[in-house]
Amino acid sequence: MALVVVGSVAYDGVETPHGAVDRMLGGAATYISLAASYFTPVKLVGVVGDDFASEDAALLASRDIELTGLERVPGGKTFFWSGVYSADMNDRTTLRTDLNVFADFNPQLPESYRSEPYLFLGNIQPALQRSVRAQMHRLRLAGGDTMNYWINDFRAELLETLKGWDFLLINDGEARLLSGQSNLRRAAAGIQAMGPRALVVKRGEYGAVLLRGGCHFMAPGYLLEEVFDPTGAGDCFAGGFMGYLAGRGVALDGAEVDFADLRRAVIYGSIMGSFCCERFGVDRFRTLTHAEIEARYQEFKSCTAF
Ligand code: AMP
């Protein structure tokens, strides 16, 4: 049972205190898919130009990520984004966003994707997220993320979209913006009333809080010795979270719902986000093994037990 992932596939230029790379594989759907692929089969939906390099497609394929839904626009250029990080890497300034073929992205799912049970909607226009969800007819679990721009300028569309989601991943500032509440618990209750019954509030290097019904669970961020490049960490969190749930066959609707599964999913999200930061771009996923993921899971256990 596969996870369908929708979002940007990009080339990124990134500068951190550890160095700079002018152009490398990036994009939210890329990071989500790579992280999720350690837990479940993944089918990617995105768009690229004919400048998309065969070695980049090969990296995704090497993780068994299906690319039938990755549209190639002849003569088009792949989405390009670049950014520079502050000295402590907690802040990022976007230098360039060239939407290119992503500007006309109108995802049409291949027939072979439509009956899959799991869907993660990366941060794209809410109406497009809704259109993708409507193309899938046997969903057990659907969710995604969003950002300030959609919350501020496309609010009505976003609220309509959220009605169809089981969970939402969002950072704490966005949760406050979306709900109009500064208290995180009240913010979560407000968002849950909009549709998503489970909410994961990401707090960057400080970890994440999972909220569902009256329960909540707090996961710390992993303490890395060195952060090389935080680009994609939030997306890898999403990939680890959703990939784990899909691999377990979890559904929020059914009798098999288990808050413990959701808690473990948040820990796997933190783990995949932390690995992502250890190298530039997607490089960590060229060598990352299941054994390393499990070792970090055990480390998480021992450093949070009391
Ligand atoms: P994250 O660090 O988790 O926020 O994700 C960074 C990734 O998001 C980069 O690889 C970018 O290519 C991608 N990205 C940046 N801006 C946008 C945008 N406006 N829409 C979609 N993806 C974007």
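You'll find the structure just up there.
Residues numbered from 1 in each chain as written. Predicted model: local features only at pLDDT ≥ 70, side-chain atom pairs only at ≥ 80, totals over all residues. Heavy atoms only, no water.

This paragraph deals with the overall build of the protein chain. Helix and strand counts for the protein chain stand at 10 helices and 13 strands. In terms of overall size, the protein chain behaves like a compact globule, its C-alpha atoms giving a radius of gyration of 18 Å where 306 residues would be expected to give roughly 19 Å. Dimensions of the protein chain, computed from the C-alpha atoms along their principal axes, are close to 50 × 45 × 35 Å. Going through the 306 residues of the protein chain one by one, you find that 56% of them count as buried. (Helix = DSSP H or I, 4+ residues; strand = E, 2+ residues; numbered from the N terminus. Rg over C-alpha atoms; globule rule 2.2 N^0.38 Å. Buried < 20%, exposed > 50% of the residue type's maximum accessible area, 1.4 Å probe, protein only.)

Here we take up the site of the ligand. Neighbouring the ligand are 15 residues; Ser-8, Asp-12, Gly-27, Gly-232 and Asp-235 lie closest to it. Residue Arg-92 places a side-chain N or O atom 2.8 Å away from an oxygen atom belonging to the ligand. The contact in question runs from an oxygen atom of the ligand to an N or O atom on the backbone of Gly-232, over 2.7 Å. Relative to its free-state accessible area of 510 Å², the ligand is covered by the protein chains to the extent of 80%. Of all elements in the fold, only β2 (10-16), β6 (79-85) and α8 (233-248) reach the threshold of two or more residues within the shell around the ligand. Grouping the amino acids of the shell around the ligand by side-chain chemistry returns 6 nonpolar, 6 polar and 3 charged. (Near = heavy atom within 4 Å. Polar contact = N/O pair within 3.5 Å; in protein donor to acceptor, adjacent residues only side chain to side chain. Areas by Shrake-Rupley, 256 points an atom, 1.4 Å probe, with all protein chains shown as cover. Nonpolar A, V, L, I, M, F, W, Y, C, P; charged D, E, K, R; others polar.)

It is worth spelling out the packing of helix α1 (residues 28-36) against α8 at this point. At a minimum axis distance of 7 Å, the contact between α1 and α8 shows a crossing angle of 40 degrees. As judged from the angle between their axes, α1 and α8 are oblique. Judged by the sense of rotation from one axis to the other, the crossing of α1 with α8 is right-handed. Between α1 and α8, the contacting residues are Ala-28, Tyr-31, Ile-32, Ala-35 and Ala-36 on the first element and Asp-235, Cys-236, Ala-238, Gly-239, Gly-240 and Gly-243 on the second. Residues belonging to the contact of α1 with α8 are distributed by class as follows: 7 nonpolar, 3 polar and 1 charged. (Axes fitted to C-alpha atoms, helices over the stretch in contact; angles between N-to-C directions. Parallel < 35°, antiparallel > 145°, perpendicular 65-115°, else oblique. Left-handed = near helix turned anticlockwise from the far one by under 90°. Contact = heavy atoms within 4.5 Å.)

The next thing to look at is the pairing of strand β1 (residues 3-6). Because side chains alternate across β1, one face comprises the buried residues Leu-3 and Val-5, and the other comprises Val-4 and Val-6, equally buried. For β1 and strand β4 (residues 42-49), the ladder comprises 4 bridges, and the chain directions are parallel. In the strand pairing of β4, Leu-3 is matched with Val-42. In terms of strand pairing, β1 meets strand β8 (residues 118-121) through 4 bridges, oriented parallel. Paired with Leu-3 across the two strands is Tyr-118, which belongs to β8. (Pairing = 2+ DSSP bridges.)

Okay, the pairing of β6 next. When you tally the buried positions in β6, you get 6 out of 7 residues, the bulk of the element. Bridge count for β2 against β6 is 6 bridges, and the pairing is parallel. Residue Asp-12 lies in a different strand from β6, and its bridge partner there is Trp-81. Inspection of the sheet shows β6 paired to strand β7 (residues 92-98) by 6 bridges, in the antiparallel sense.

Attention shifts here to the packing of helix α3 (residues 126-135) against helix α5 (residues 155-162). Following both chains from N to C, one finds α3 and α5 inclined at 25 degrees, their axes separated by 8 Å at the closest point. Classified by the angle their axes make, α3 and α5 are roughly parallel. Considering only the axes of α3 and α5, their crossing is left-handed. Between α3 and α5, the residues in contact are Pro-126, Ala-127, Gln-129 and Arg-130 and Glu-157, Leu-158, Glu-160 and Thr-161, respectively. Class assignment for the residues of the contact of α3 with α5 results in 3 nonpolar, 2 polar and 3 charged.

This part takes up the sheet that holds strand β3 (residues 19-26). Strand order in this open sheet of 4 strands is β3-β2-β6-β7, and the pairing throughout is mixed. The open sheet is flanked by β3 and β7, the only strands paired with a single partner. The average angle at which neighbouring strand axes cross in this sheet is 15 degrees, direction not considered. Lying on the sheet, α1 is in contact with β2 and β3; it crosses β3 at an angle near 80 degrees.

Bringing the sheet that holds strand β12 (residues 208-212) into the picture now. Hydrogen bonds between backbone atoms are what pair the strands of a sheet, whose relative direction is either parallel or antiparallel. Pairing in this open sheet of 9 strands is mixed, and the strands run β5-β4-β1-β8-β9-β10-β11-β12-β13 from one edge to the other. Where the open sheet ends on each side, the last strands, each with one partner, are β5 (65-73) and β13 (215-219). Averaged over all adjacent pairs, the angle separating strand axes in this sheet is 15 degrees, with direction ignored. Sheet contacts for helix α9 (residues 259-276): β11 (198-202), β12 and β13; angle to β13, the most-contacted strand, approximately 25 degrees.

Here the focus is the layout of surface pockets. Empty space among the atoms becomes apparent when a probe as large as a water molecule is rolled across them. The volume enclosed by the second largest pocket comes to roughly 280 Å³. A per-element tally of the lining of the second largest pocket places helix α10 (residues 290-304) first, with 4 residues. Partitioning the lining of the second largest pocket into residue classes produces 9 nonpolar, 1 polar and 3 charged. (1 Å grid on protein atoms, 1.4 Å probe; cavity = no way out; pocket = protein on both sides within 12 Å on 5 of 7 lines; lining within 4 Å. Points joined across faces, edges and corners; volume = space filled by probe spheres on them.)

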